[in-house]
Amino acid sequence: MATIFSSSIGRKFAMALSALFLMVFLIMHVSINFTSVFSPDLFNELSHFMGTNPVVQGLMQPILMVGVIFHFVMGFVLEFKNKQARQVSYAKNKGSANSTWMSRNMLLSGLVILAFLLVHFYDFWIHEMTVKYIDGDMSGLVNPDSADSGFRYYEELREKFVSPIRVGLYSLSFVLLALHLLHGFNSAFQSIGANNKYTKALKGFSKVYSIGIPALFVFIAVFHHFTH
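Source: prediction; values computed, not measured. (Residues numbered from 1 in each chain as written. Predicted model: local features only at pLDDT ≥ 70, side-chain atom pairs only at ≥ 80, totals over all residues. Heavy atoms only, no water.)

J.: Talk me through the overall build of the chain; I want residue IDs and the actual numbers.
T.: Check the secondary structure of the chain and you find 11 helices and zero strands. The helix and strand sequence of the chain, counted from the amino end, reads α-α-α-α-α-α-α-α-α-α-α. The proportion of buried residues among the 228 residues of the chain is 35%. Sequence-distant contacts in the chain: of pairs separated by 6 or more residues, those separated by 24 or more amount to 75%. Accessible surface computed for the chain: about 13500 Å², of which carbon and sulfur atoms make up 70%. (Helix = DSSP H or I, 4+ residues; strand = E, 2+ residues; numbered from the N terminus. Buried < 20%, exposed > 50% of the residue type's maximum accessible area, 1.4 Å probe, protein only. Contact = heavy atoms within 4.5 Å. Areas by Shrake-Rupley, 256 points an atom, 1.4 Å probe, with all protein chains shown as cover.)

Have a look at this one:
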């Protein structure tokens, strides 16, 4: 393990695996959130299941958090190592002539996305932990004393998107995520050696994924903002 992380190839491979893991999570996350657009009841049921299932909470959630932390830490490490390895600055090399803006600013977009994740973490995860484990309410109900009050998750989600400023910042974060993914998706597959006859198809899929997933998150936010 130490040998893997001591080499540039090993670090890029580990970074790629963490990226692919997080990409799978994004598909699951947006799929659940999208149900709120057409079925509040289904969204409530799925949210309650995810929030109370012991496997999800005790195993998958910690793995996800480790994966997020690992991905960002490894990103900083790779950026630091890359800067150390450069013999000539980008200005002298004219990096803009042979690389995209996104590829040269992955760290910047990553920092903005990290800031968004911290706010998202505060808004949803800390709130859930407070309700369930500090207040001791595992019911998921709007009114824990009334079984007829219904689950609270759908209404809480809609409340998050009342403010146009919040929706605007949320949407901007996902635009940056799309740019981040457009470069990162292809880099991840290159790092694990997926350069073969399927490369063209992967590039096509990467564009659909990198634009489609963030666009769905933005659509969900805008939808609830205007239908609240």
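J.: If you had to explain the packing of helix 3 (residues 40-52) against helix 9 (residues 153-160) to someone new, which residues and values would you point to?
T.: One way to put it is that helix 3 packs onto helix 9 with a least axis distance of 8 Å and a crossing angle of 100 degrees. Taken together, the axes of helix 3 and helix 9 lie roughly perpendicular to each other. Residues Pro-40, Phe-43, Asn-44, Ser-47 and His-48 of helix 3 touch helix 9, and the partners they reach there are Tyr-153, Tyr-154 and Leu-157. Across the contact of helix 3 with helix 9, the residue classes break down as five nonpolar, three polar and no charged. (Axes fitted to C-alpha atoms, helices over the stretch in contact; angles between N-to-C directions. Parallel < 35°, antiparallel > 145°, perpendicular 65-115°, else oblique. Nonpolar A, V, L, I, M, F, W, Y, C, P; charged D, E, K, R; others polar.)

J.: Describe the packing of aromatic side chains, with residues and values.
T.: Scanning the model with the defined rule gives 13 aromatic pairs in all. Note on Phe-174 and Phe-217: the rings are 4.6 Å apart at their centroids and 10 degrees apart in plane angle, and the pair reads as stacked. With Phe-174 in helix 10 (residues 164-191) and Phe-217 in helix 11 (residues 199-227), this pair connects stretches of sequence that are 43 residues apart. Every member of this aromatic cluster is reached through a ring pair, and the members are Phe-116, Phe-161, Tyr-170, Phe-174 and Phe-217. Looking at Lys-160, its charged tip hangs above the ring of Phe-124, at a distance of 5.6 Å from the centre. (Phe/Tyr/Trp six-rings, centres within 6.5 Å; stacked < 30°, edge-to-face > 60°. Lys NZ or Arg CZ within 6 Å of the ring centre and 35° of its normal.)

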